[in-house]
Amino acid sequence: MNARYTEFHPRWHRPRMPVFWWAGRRSYLIFVIRELSSVFVAWSVVFLLLLVHAVSQGGTQYQQFLNLSSNPWMLALNVIALAFLVFHAITWFNLAPQAMVVHLRGRRVPRSAITGAHYAGWALLSALAAWLILG
Amino acid sequence: MADQIILQVTRYRPEREPEPTTQEYEIPLHEEWAVLDGLNHVKDHLDGTLSYRWSCRMGICGSCGMTVNGDPRLTCATFLTDYRPGPIRIEPLRNFPVIRDLVVEIGDFMRKLPKVKPWLIRAEDAAATDGELLQTPADLDEYKQYSMCINCMLCYSACPIVGLEEGFLGPAAIALAQRYNLDSRDQGAHERMDVLSTADGVWGCTFVGECTTACPKDVDPAGAIQRYKLTAAAESLRSFLLPWRPA
């Protein structure tokens, strides 16, 4: 008999979570990418604040900011950030109906309506932003 | 002669091996056999030393949860033919210590569950002569989904947070807390909040969502947790803005 085992103190096997536990399953991988995308959401906020700051400082500062933004590295970073932002938004919108239980006139609003409302809000705000910037 | 299928079953015999091993059994493949029937065939005809839990064979008792081809499943509700031509890999539930073969130690869940006080709490005990506490069908619909939980622990096996954070209350315990919080007869939501609105409670959940995918009873524990996050956040805001308001 194994010395580390007695009948009265069974030695339980305690499997450890592997470091790459998230790599072996699609849903875990999507979850980890969604969490990672938060870093790019934060970067987008910082970038926006830098823009606002540059605008408030006048023409020279604003031109410097534009030069920085047109740097190929900065462009590449922002294209990647945009991809993660879209991924972040879509995965959260698809999860929203699970968290939001809304009742209207005594009946539960269907999941598709809640997801649809999120996408509609997104489209509306994007259109408003486009109109403000391009119009 | 019936078709055959191979079961690759995890064996763990602590009295003679330090690590789990895999043993293969070839069993008949019948249309009507669930994975549990296959294991029973092994136990009765091929190898009586195989250990696993089961009881009702009809998705009620929640005893026969195992990891089938990587997914947490009730083996009584998982059919062999869906895995044709095989082999089928059968392992113990993940995120629990293994006692022997496919039998896991569930003390962790059993200690966490009563922390959320999953029973009806009343401010004052009423006498039986005061009559029943009546509910409408709409009141019942508010919590019925969460009351379907059979404590099978598949959601604990599916949740990576349970595996990574030892103290996390876990999906089923929180869903069962919501089952009582949303019951019109219950008055204990405030008591439960002290346990639920903590880092080991709902805020430990990062919304992987696999608990809901794994649940064989459509309880949707992930939904229950996210709903409670909204409730807890609204309550914190309210107590911050209106500190004089009674709890």
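Residues numbered from 1 in each chain as written. Chains lettered and ligands numbered in written order. Predicted model: local features only at pLDDT ≥ 70, side-chain atom pairs only at ≥ 80, totals over all residues.

J.: Just checking my understanding: could you explain the overall build of chain A for this structure?
T.: The helix and strand tally for chain A stands at four helices and two strands. Counting from the amino terminus, chain A carries its helices and strands in the arrangement α-α-α-β-β-α. Over its C-alpha trace chain A gives a radius of gyration of 24 Å, far above what one expects of a compact globule, namely 14 Å for 135 residues. Projected onto its principal axes, the C-alpha positions of chain A cover 80 × 50 × 25 Å. Among the 135 residues that make up chain A, the fraction classed as buried is 1%. (Helix = DSSP H or I, 4+ residues; strand = E, 2+ residues; numbered from the N terminus. Rg over C-alpha atoms; globule rule 2.2 N^0.38 Å. Buried ≥ 20, exposed ≤ 12 C-beta atoms within 10 Å, placed from the backbone.)

J.: Is there a simple way to think about the overall build of chain B in this case?
T.: Across its full length, chain B holds nine helices and seven strands. Counting the 247 residues in chain B, one finds 38% classified as buried. Sequence-distant contacts in chain B: of pairs separated by 6 or more residues, those separated by 24 or more amount to 67%. (Contact = placed C-beta atoms within 7 Å.)

J.: Even after reading the chapter, I still don't get the pairing of strand S4 (residues 71-74) of chain B, so can you show me in this structure?
T.: Sheet faces and side chains relate simply in a regular strand, where the side chains alternate between the two faces. Where strand S3 (residues 65-68) of chain B meets S4 of chain B, four bridges bridge the pair, whose relative direction is antiparallel. Note that in S4 of chain B the partner of Met-66 of chain B across the bridge is Arg-73 of chain B. (Pairing = 2+ DSSP bridges.)

J.: I keep staring at the interface of chain B and chain A and nothing clicks. Help me out?
T.: A common measure of how large an interface is: the accessible area buried when the components associate. In this assembly, 25 residues from chain B lie in contact with 19 residues from chain A. For the side of chain B that touches chain A, the secondary-structure elements that each account for two or more residues are strand S6 (98-100), helix H5 (160-164), helix H8 (210-214) and helix H9 (221-241) of chain B. Take the side of chain B that touches chain A: its biggest share by element is five residues, from H9 of chain B. In terms of residue class, the side of chain B that touches chain A is built from 13 nonpolar, six polar and six charged. (Nonpolar A, V, L, I, M, F, W, Y, C, P; charged D, E, K, R; others polar.)

J.: Explanation requested: the sheet that holds S4 of chain B in the structure shown.
T.: Residues and elements named next belong to chain B. The strand order S2-S1-S5-S3-S4 describes an open sheet built from five strands, whose pairing is mixed. Across the chains shown, the open sheet's two edge strands, defined by having one partner strand only, are strand S2 (21-28) and S4. Taken over all neighbouring pairs, the strand axes of this sheet differ in orientation by 35° on average, direction set aside. Bridge count between S3 and strand S5 (residues 88-91): two bridges; the pairing is antiparallel. Across the sheet, Thr-67 pairs through a bridge with Glu-91, a residue of S5. Against the sheet, helix H1 (residues 35-46) makes contact with strand S1 (4-11), S2, S3 and S5, and its axis sits at roughly 95° relative to S2, the strand it touches most. (Axes fitted to C-alpha atoms, helices over the stretch in contact; angles between N-to-C directions.)

J.: Can you walk me through the confidence of the model for chain B in this structure?
T.: Note: predicted coordinates in regions of low pLDDT should not be interpreted at a detailed level. Confidence along chain B averages 93 in pLDDT terms, with 98% of residues attaining 70 or more. Model confidence for the complex is summarised by a pTM of 0.88, with the ipTM given as 0.81. (pLDDT = per-residue confidence, 0-100.)

J.: What am I meant to see in the nonpolar core here?
T.: Where a protein is soluble and globular, its nonpolar side chains tend to be buried together. Residue and element names in this part refer to chain B. In terms of nonpolar packing, the biggest core is built from 59 residues, with Met-153, Leu-154, Cys-155, Ala-172, Ile-174, Ala-175 and Leu-176 touching the most fellow members. The leading source of residues in this core is helix H6 (residues 171-181), at seven residues. Two domains each put at least three residues into this core: domain 1 (4-104) and domain 2 (107-241). When sequence neighbours within four positions are dropped, the list of residues in contact with Leu-176 reads Leu-113, Val-116, Pro-118, Tyr-146 and Cys-149. (Core = buried A, V, L, I, M, F, W, Y, C linked by C-beta atoms within 7 Å. Domains from an automatic or database assignment.)

J.: How do you make sense of helix H4 (residues 111-134) of chain A when you look at a structure like this?
T.: The α-helix winds at 3.6 residues per turn, so residues separated by three or four positions along the chain end up facing the same way. For H4 of chain A, which comprises 24 residues, the first-to-last C-alpha distance of 34 Å matches the rise-based estimate of 34 Å (1.5 Å per residue) to within 8%. Here H4 of chain A lies mainly on the outside; zero of its 24 residues are buried. (Expected span 1.5 Å × (residues − 1).)

J.: How should the domain arrangement of chain B be read in this particular structure?
T.: Residue and element names in this part refer to chain B. You can read the domains of chain B as domain 1 (4-104) and domain 2 (107-241). Placing a centre on the C-alpha atoms of domain 1 and another on those of domain 2 gives a separation of 30 Å. Of all the elements in the fold, those that place two or more residues in the side of domain 1 that touches domain 2 are S3 and S4. Here the side of domain 1 that touches domain 2 is composed, by residue class, of seven nonpolar, five polar and one charged.

J.: Is there a simple way to explain unusual backbone geometry in this structure?
T.: With the exception of glycine, the majority of residues adopt a negative phi angle, and the majority of peptide bonds are in the trans configuration. All names here are of chain B. With an omega of 5°, the peptide bond running from Arg-84 to Pro-85 counts as cis. That bond from Gly-86 to Pro-87 is cis: its omega, 0°, falls within 30 degrees of zero. Along the polypeptide, Pro-87 turns up in the loop between S4 and S5. Phi is positive for Asp-101, close to 45°, though the residue is something other than glycine. Along the polypeptide, Asp-101 turns up in the loop between S6 and strand S7 (103-104). With 21 C-beta atoms counted inside 10 Å, the residue Asp-101 sits in the buried group. The phi dihedral of Asp-218 is positive, around 55°, even though this residue is not glycine.

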